[in-house]
Structures are given as C-alpha cells and as structure tokens.
Amino acid sequence: MRLAVLKERRPAETRVAATPETVKKFIGLGCTVAVEAGAGLASGIPDADYAAAGAEVAPDAAAALKGAGIVLKIRAPLGAGEGAVDELSLIPRGALVLGQLQADEAMAQAYAKAGIDAGAMELLPRITRAQSMDILSSQANLAGYRAVVEAASAFDRGFPMLMTAAGTISAANVFIMGAGVAGLQAIATARRLGGRVSATDVRPAAKEEIKSLGASFVGYESEESKQAQTAGGYAKQLSAEFYAEQAKVVATHIAKQDIVVTTALVQGRKAPQLVTEAMVRSMRPGSVIVDIAADAGGNVALTKPGEMVVTENGVKILGFHNWPGRISGASSALFARNLLTFLTTFWDKEAKAPKLPAEDEIVRGVMLTRGGAVVHPSFATQKAA
C-alpha cells in the first residue's frame, strides 16, 4: 500500500499531515511512504528527515500521488481553479483520503465524483474510544496555548505581579470566553504566566472545570443554561433572551480586563458574536483581545480575519487565521498522530491495508464518501454523478 503525504497549499497553512515519527510507523505496517518535497519545511521538518525515516521524497504532488492508496492531508485537496495544482484530479480513484476535508455538501459531491473514499476527521464522534484520533481537540488545545502566548507578546505590560525595587506591577486580568478544549488550555496557560484569570461558558459542566483550573467563573445562569450542551459536548444555540442577559454580565466584566481570549464555536455554524463594539470601546488602551474563532467569522464585532487591528481607543484585536498553524511543529506532530491512530485502529495486518467496517461508529462518523457515493448520514441524499 502506497501512502502519500502532500504539501499544504492553502493560504496560511503551515502544518503537515505526517512526521518522520509516523512515517516510520506506517512503514512498519507494510506501507511504502511518499512525501512531497517541501511538505514539512514550514513545520521545521526538512526533506532529509523524511528520507532518513524511510520515505521517498517525491518532487511534486503528481509523483507523490502516483499509485497511492492512502493520502494524508491537513486540509481539503485543491480542486480545479483553486490553485496552481489541481490536487483533486491527481488523487487515484479508490484512494482513501484523510484530513480536515471541509465536510459540506459541495465537497462531498466532489469527492464522490472523483471516486475518492474521503474521511473527514473533523466529523469524528466525540466518544471515549475516539479521543486519541480527535484532530479538533488536539489542534484546539494548541490554539488555546498559542493564543495566550501571543496575547502576552502583544500586551505592553507583564502577566504576573512583578515586585521590584522601583515599585510593583499588578498582575494582568485575563478573561477567557468559552471553556472547551481551547479555552481550558488558555486558562491553564494564563495561570502559568501569572495572570489573574476568569472565564465564562454557557455549558453547565464548564463552571466546575473553570474553577478546577484556579480561575473564577463569570456568567449568567438560568434553567435554560442547564440544557446548553449537546450529547457530543458542544455548546447549544440558546435563546436571544439568554444571550442578552449573559451579555450584560460579560459587558461589566470585560471593561475591567487587560486580556480577553474568545474561543466559542458552534459546530457547522458561524461563530457567535460574544464581544460587541461597545464592549471593545469600554476596555482600557493597551488591552488585547485574541479571537481564536476568526476563521469562522469571529466572536468579536471588530475582528478582521487574518489581521491584527488596533481600535481608536487603543485595543489590539488579534484575529489571525489558523491558530494551530501558528505553532506548526507541535500541531503537525499531534495531527499526524491522530491520523496514525485512526489508521492503526482499523488496520488489517494480513492485507497490509485499512479495513473500515461501515457499521463501526467511528467509521460511520468520519466517512463522507465510499465507492463513488456520498455515505455520511448528514449528506447521504447527495449521490455521485
């Protein structure tokens, strides 16, 4: 079985879907591995390291993909007209493609038409058995860490209380909005740096998680908020009345903060707006807001996706693209292990190939297309031409 790893070509993407560590393990499973030249450079992995691990370093995407039965990607392959290389047309029919594949109806149809068996890892069910394969959790964890590190860099004072002969500098007030995987890591990182940390989340279980990390909880609580979590652990969309009351509590709190990190995402939808223009205007000059949800439209009214902006009242808003990609070495390592774990879980040692039983809960959750047809329950009405 030939396994191909492509260089990522989408804007702001610095990660790679395999590392020398996972290449060695794939070879141990009986695969031959081809890595496109330059695939790992943005993550600090030179071609020589892949070659030393036993991979073929292919000169271009076409050479890497020739005869491939498995293709590993970070993000969806480029199609015709999307870039200089039409990756989708180069992938052999029948190949299994794994990555964060932009799971929507249009892409599902495109994969089916191309005869690709597409596994969208972002659709992995949130069950205990699948935790070690969960790309969203592994990448969000690092995004939360990186957000606080970049906030510290942009902040013109220190995070911890600093007692010096010249006087004392107060600890920074840090407010984390959203206590999912990214938010909890942001809380922990801000606490390690010495910040005075508070956090909010609409989900009832989050209050105890926030407190367990040493942060104080801020938020509006009601009967509705007790039902604010899906079975998969995501935040539910709540009523306009609830959000209005929550906004009142948050607005008062934000005015006193030095650093705000927003992390709220609703699966499959535009990111909810948590910080209004008025809230931003209430903050002191020199304050910093980091919007991890910028790629999904942003949690902050004044976020400009892909940019850092400074408001008229001197607040810096960091709305960069692809937060995990801003710590590409670590995020590539975890993403690559997620893919490795998925494949080894369903690996047929005799056939030296993956065996993906359609009845398995994980496989059913991940697979978008198979055998030229759309098979995922969310998009199964869409058939290949």
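Structure: above.
Residues numbered from 1 in each chain as written. Predicted model: local features only at pLDDT ≥ 70, side-chain atom pairs only at ≥ 80, totals over all residues. Heavy atoms only, no water.

Draft legend 1. Looking closely at the overall build of the protein. When you go through the protein residue by residue, the secondary structure sums to 12 helices and 19 strands. What you see for the protein is a C-alpha radius of gyration of 22 Å, in line with the 21 Å of a compact globule of 385 residues. Taken along the three principal axes of its C-alpha coordinates, the protein extends 65 × 50 × 40 Å. By residue count, 51% of the 385 residues in the protein fall in the buried class. Within the protein, contacts between residues separated by at least 24 positions form 64% of all contacts whose residues are at least 6 apart in sequence. For the protein, the accessible surface area stands at approximately 16,400 Å², while carbon and sulfur atoms represent 54% of it. (Helix = DSSP H or I, 4+ residues; strand = E, 2+ residues; numbered from the N terminus. Rg over C-alpha atoms; globule rule 2.2 N^0.38 Å. Buried < 20%, exposed > 50% of the residue type's maximum accessible area, 1.4 Å probe, protein only. Contact = heavy atoms within 4.5 Å. Areas by Shrake-Rupley, 256 points an atom, 1.4 Å probe, with all protein chains shown as cover.)

Draft legend 2. Just the pairing of strand β13 (residues 288-291), in detail. Alternating positions in β13 separate into two faces, V288 and V290 on one and I289 and D291 on the other, with burial throughout. As paired strands, strand β12 (residues 259-262) and β13 are joined by 4 bridges and run parallel to one another. Opposite I259, over in β13, you have V288 as the bridge partner. In this structure, β13 lies alongside strand β15 (residues 316-318), joined through 3 bridges in parallel fashion. The partner of I289 across the bridge, within β15, is I317. (Pairing = 2+ DSSP bridges.)

Draft legend 3. Quick look at the pattern of salt bridges. Applying the stated criterion across every chain yields a total of 19 salt bridges. The salt bridge involving R75 is made with E13; its shortest N-O contact spans 4.0 Å. Placement of R75 in strand β4 (residues 70-75) and of E13 in the loop between β1 (2-5) and α1 (20-28) is noted, with a sequence separation of 62 residues between them. Using a relative accessible area of 8% as the deciding quantity, one classes E13 as buried. (Salt bridge = Lys/Arg side-chain N within 4 Å of Asp/Glu carboxyl O.)

Draft legend 4. Region of the structure containing the pairing of strand β2 (residues 32-36). Judged by how many residues are buried, β2 sits mostly within the fold: 4 of 5 residues are covered. As paired elements, β1 and β2 share 4 bridges and run parallel to each other. Bridging from a neighbouring strand, L3 pairs with V33 of β2. Both β2 and strand β3 (residues 56-58) contribute to a ladder of 3 bridges, which runs parallel. Residue E36 lies in a different strand from β3, and its bridge partner there is A58.

Draft legend 5. Representation of the side chain of Q257 in the model. Looking at the element boundaries, Q257 is found in the loop between α9 (240-254) and β12. Apart from residues no more than four positions distant in its own chain, Q257 is found in contact with N173, V174, F175, S198, M283, R284 and S287.

Draft legend 6. View of the packing of aromatic side chains. Across all of its chains, the model carries 2 aromatic pairs by this definition. Considering the side-chain rings of F320 and W323, the 5.6 Å spacing of their centres and the 45 degrees angle between planes classify their relative orientation as tilted. When sorted by exposure, F320 lands in the same class as W323, which is buried. Between the NZ or CZ atom of R326 and the centre of the ring of F320, over which it lies, the distance is 3.9 Å. (Phe/Tyr/Trp six-rings, centres within 6.5 Å; stacked < 30°, edge-to-face > 60°. Lys NZ or Arg CZ within 6 Å of the ring centre and 35° of its normal.)

Note that all results are geometric; they support no functional claim without further evidence.
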